[in-house]
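Commentary on secondary and tertiary structure
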Amino acid sequence: QQAIKLLQLNHLEMLGALEAELKENPLLESVQGEEGLSGDEEVTRNDLAALEDMTREPQREQPDIFEAEWRNYLESYGGDHENSHGDSPDRMPLENLPAQSEGLFHHLLDQLRESELGEFDRKIALELIGNVNDDGYLDIDLETIASARGVGGDHVEQVLSEIQNFEPPGVAARNLQECLLIQARQLDPPNEVAMRLLLDYFDLFEKARFDEIARKMKLPELEVRSAIRVIASLNPKPGRMYHVADTVYVTPDIYIMKVGNDYSIIVNDEGLPRLKISPFYQQKLHSGDCSPKTREYIHEKMRGAIWLIKSIHQRQRTIYRVTQSILKFQRDFFDRGIDHLKPLILRDVADDIDMHESTVSRVTTNKYVHTPRGIFELKFFFNSGIQQGQDAIASESVKNHILRIVKTEDATKPISDKEIVDQLKRFQIHIARRTVAKYRELLGIPSSSGRKKRF
């Protein structure tokens, strides 16, 4: 169970788990610096043989496993533990750390403090502000607040109109039409055509039926299109400029480095403590003054420590073997790029390394590999196949072809899904139109009408 649990952890989670084990188990110690190592004995773990050598149990004269010299286990496991917590030249400089940005709620709250609203209305305003989402729209029905505060809906509407005068323009609107209207009213100079269009013809505006709008407004089409350009310059999501998004850093669990025409796999062990069994408790175990209860406790904790060390070795070795198998199957991708990514399933790798499919699934979940072609989640290399002539091509490669086709199209005349199907046939990729639509949606690409640049 411990080995399975460790196998599912990524590098950062592994750091936390080992630190917790060091606190929980008194028999576990972290090797500090170069303790117990000579210059010739330290192993650089860049291949599978080195992984096995560094965890090989030493020869012993007596069969009792508790007599073993456990410091030989994983003595090269992990980076410099002292530097991992102290000042290090690899640490990010203080000036490069991201500053805390002010969120939309606090920005509105600051303006509320400076407003002239009374105490009771401020409470209503605070409740309204608290229900403005990240895009800047109001996410609560006014009747709900009116009922909770014991006032009429008109009263809450008046407080809302005060908040809608706050920065950014368009904030606290209940829908897109209201958001654009608030911003249009604040234009200097005002644009009466844009205001009228938003008030009376918003449904036609959403459908991009600009010719019909011009006829109904009895205005020249050029004047209507000029007003549409003004509306297009407004911000449909005013709250986004204050959205605070935390930067997510990915720490690779494995590195694949290209050396000449070949590739080398390195399991990331930076910052991981090198573990050993405490010699103090080993001596205590065999001393004459050790009570049966104490001896039983030490035996239990020592068994846990031994299993942890062996589980760590098993985890690293399994990750290495899975990555090695992926590299073998996807060699063309590493050599030639995403167009040469092959269809691959978990069963292929499981059969190749003689492991259960569930084990491969645990290894590849939430783990990242740094390669010469970028950082990828291990799951990226597993995808279904689509027929390409006599061979099959990975679905990720097909998505990449679709993305390239859309990027090179004429923005004023975007191509349809049917035309994408026809272009893919030139690459011997034969898929249905509905499959193109599915992949296009997965890539976040709108339909041809949604991509059309109208002015």
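None of the values given here were measured: they were computed from a predicted structure.

Glancing now at the packing of aromatic side chains. This model, assessed by the stated rule, comprises 11 aromatic pairs. Here the aromatic rings of Phe333 and Phe334 are separated by 5.2 Å at their centres, their planes lie at 75°, and the arrangement is edge-to-face. The residues Phe333 and Phe334 share a single accessibility class, namely buried. Measuring from centroid to centroid gives 4.7 Å for Phe376 and Phe380, while their planes differ by 25°, and the two rings are stacked.

Leaving glycine out, the prevailing phi sign among residues is negative, and the prevailing peptide bond configuration is trans. Each neighbour pair has its own omega, and for Glu167 with Pro168 the value is 0°, a cis peptide bond. The residue Pro168 is located in the loop between helix 8 (153–163) and helix 9 (176–185) in this model. Note that the residue after Asp188, namely Pro189, is joined by a cis bond; omega there is 5°. By the secondary structure assignment, Pro189 is in the loop between helix 9 and helix 10 (192–200). Phi angles above zero are rare outside glycine, and Ala172 is one such case at about 70°. With respect to the element layout, Ala172 can be found in the loop between helix 8 and helix 9. Residue class for Ala172 comes out buried when judged on its relative accessible area of 1%. At Asp354, a residue that is not glycine, the phi angle is positive and equals roughly 60°. Mapping Asp354 onto the fold places it in the loop between helix 17 (346–353) and helix 18 (357–364). With a relative accessible area of 71%, Asp354 lands in the exposed category.

Cut-off values and rules
Residues numbered from 1 in each chain as written. Predicted model: local features only at pLDDT ≥ 70, side-chain atom pairs only at ≥ 80, totals over all residues. Heavy atoms only, no water. Phe/Tyr/Trp six-rings, centres within 6.5 Å; stacked < 30°, edge-to-face > 60°. Buried < 20%, exposed > 50% of the residue type's maximum accessible area, 1.4 Å probe, protein only. Helix = DSSP H or I, 4+ residues; strand = E, 2+ residues; numbered from the N terminus.

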